[in-house]
Amino acid sequence: MIAVALGATSAMAPEVSAAPRDKAFFQSVAGSWKGPGEIVAGKYKGTKFSCNLTGEPTPNGETGIKLDGTCRVGVFKQPMSAVITEAGKGYKGQFLDGADGKGLDIISGAVNGDKVVVGINRAQLNGAMVASLRGTNTMNITISVKVEDQMIPVIGLTLDRDLDSIAVGSID
């Protein structure tokens with residue numbers, strides 16, 4: 001269901017060139033995250049789910065992030081993945097297998113302080129995903145679709161850093 005809702009989303013975000021602050025943002029969101037979400041509009045409105053995601057820096061030192069994990073609705077578990085990488089003055093990438101498959105294309109993006117906004121697209125649908133850090137251990141994610149001239153939130157997700165997954169050294 002989440003993939004259907006994600007597939008039904010997509011928009012454009014402003015493009016700016018990546019800077020060291022962009023790389024710092026993506027490094028700050030690396031790690032393990034978990035938390036609840038809800039589909040807040042559309043056919044599956046009210047559907048609650050939970051996700052476990054792990055973010056890693058993109059290979060080859062590129063500015064961006066690679067996310068992998070799963071989201072669960074009841075007993076159903078679905079793989080989730082995304083790759084966001086610098087592309088000229090903005091960002092590109094995909095959720096799942098991109099718009100040619102069952103996912104979405106990332107067509108633009110910008111980092112502004114503790115927030116990244118990426119434009120997402122699938123066929124005739126446009127939208128945006130906004131991921132905002134709230135301190136170092138909480139991230140809010142909103143996925144919205146563009147309907148006429150208005151952005152309508154469709155999915156909301158609050159992730160907490162999975163501090164249990166961080167190795168703790170022993171004290172002598």
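To keep things clear, this report deals only with the structure shown in the data block. (Residues numbered from 1 in each chain as written. Predicted model: local features only at pLDDT ≥ 70, side-chain atom pairs only at ≥ 80, totals over all residues. Heavy atoms only, no water.)

## A short note on the state of the cysteines
A covalent bond bridging the sulfur atoms of two cysteines is what the word disulfide describes.
Piece 1. As enumerated under the stated definition, the model contains one disulfide in all.
Piece 2. Here Cys-51 is linked by a disulfide to Cys-71, with a sulfur-sulfur distance of 2.0 Å. Linking Cys-51 and Cys-71, the disulfide has an S-S dihedral of approximately 105° and is accordingly described as right-handed. Of this pair, Cys-51 sits in strand S2 (residues 48-57) while Cys-71 is found in strand S3 (residues 64-73), placing the two residues 20 residues apart along the sequence.
Piece 3. Its relative accessible area of 2% is what places Cys-51 among the buried residues. (Disulfide = S-S within 2.5 Å. Helix = DSSP H or I, 4+ residues; strand = E, 2+ residues; numbered from the N terminus. Buried < 20%, exposed > 50% of the residue type's maximum accessible area, 1.4 Å probe, protein only.)

## Here's the deal with the pairing of strand S8 (residues 125-133)
Consecutive residues of a regular strand have side chains that alternate between opposite faces of the sheet.
Piece 1. The sheet contact formed by strand S7 (residues 115-122) and S8 spans eight bridges and is antiparallel. Directly across from Val-117, in S8, lies its bridge partner Val-130.
Piece 2. Between S7 and S8, which pair antiparallel in sequence order, lie two residues; one of them, Ala-123, sits at a positive phi of approximately 55°.
Piece 3. With seven bridges joining them, S8 and strand S9 (residues 138-147) adopt antiparallel strand pairing. Bridge assignment links Met-129 to a residue of S9, and that residue is Ile-143.
Piece 4. With antiparallel pairing between neighbouring strands as the criterion, S8 and S9 make up a hairpin whose turn holds four residues, including Gly-135 at a positive phi of roughly 80°. (Pairing = 2+ DSSP bridges.)

## Thoughts on empty space enclosed by the protein
Which parts of space are left empty comes out when a probe the size of a water molecule is rolled across the atoms.
Piece 1. Here the largest cavity defines a volume of roughly 370 Å³.
Piece 2. Contributing to the lining of the largest cavity are 26 residues, with Leu-53, Leu-67, Phe-95, Met-129 and Ile-141 lying nearest its centre.
Piece 3. Secondary structure elements with two or more residues in the lining of the largest cavity: helix H1 (2-7), helix H2 (20-28), S2, S3, strand S4 (76-87), S8, S9 and strand S10 (150-161).
Piece 4. Looking at the lining of the largest cavity element by element, the count peaks at four residues for S4.
Piece 5. Here the residues of the lining of the largest cavity sort into 25 nonpolar, one polar and no charged. (1 Å grid on protein atoms, 1.4 Å probe; cavity = no way out; pocket = protein on both sides within 12 Å on 5 of 7 lines; lining within 4 Å. Points joined across faces, edges and corners; volume = space filled by probe spheres on them. Nonpolar A, V, L, I, M, F, W, Y, C, P; charged D, E, K, R; others polar.)

## Description of the pattern of salt bridges
Piece 1. Within this structure, the stated rule accounts for four salt bridges.
Piece 2. Here Arg-21 makes a salt bridge to Asp-22, at a shortest N to O gap of 2.9 Å.
Piece 3. Given the relative accessible area of 44%, Arg-21 is considered partly exposed.
Piece 4. Between Lys-34 and Asp-162 there is a salt bridge; the shortest N-O distance is 3.7 Å. (Salt bridge = Lys/Arg side-chain N within 4 Å of Asp/Glu carboxyl O.)

## So, unusual backbone geometry
Generally, phi is negative for residues other than glycine and the peptide bonds are trans, each holding for most cases.
Piece 1. Not every positive phi belongs to a glycine, and Leu-96 is a case in point at roughly 50°.
Piece 2. Here Leu-96 lies in the loop between strand S5 (90-95) and strand S6 (104-112).
Piece 3. Non-glycine residue Ala-123 carries a positive phi angle of around 55°.
Piece 4. Considering the arrangement of structural elements, one finds Ala-123 in the loop between S7 and S8.
Piece 5. By relative accessible area, Ala-123 is classed as exposed at 64%.

## What about H2?
Piece 1. Within H2 the residues assigned to the buried category are Asp-22, Phe-25 and Phe-26. Looking straight down H2, one finds its buried side chains confined to an arc of 95°; they lie on one side.
Piece 2. Close packing links the buried residues of H2 with S3, S4, S5, S6, S7 and S8. (Arc of directions from axis to C-beta. Contact = heavy atoms within 4.5 Å.)

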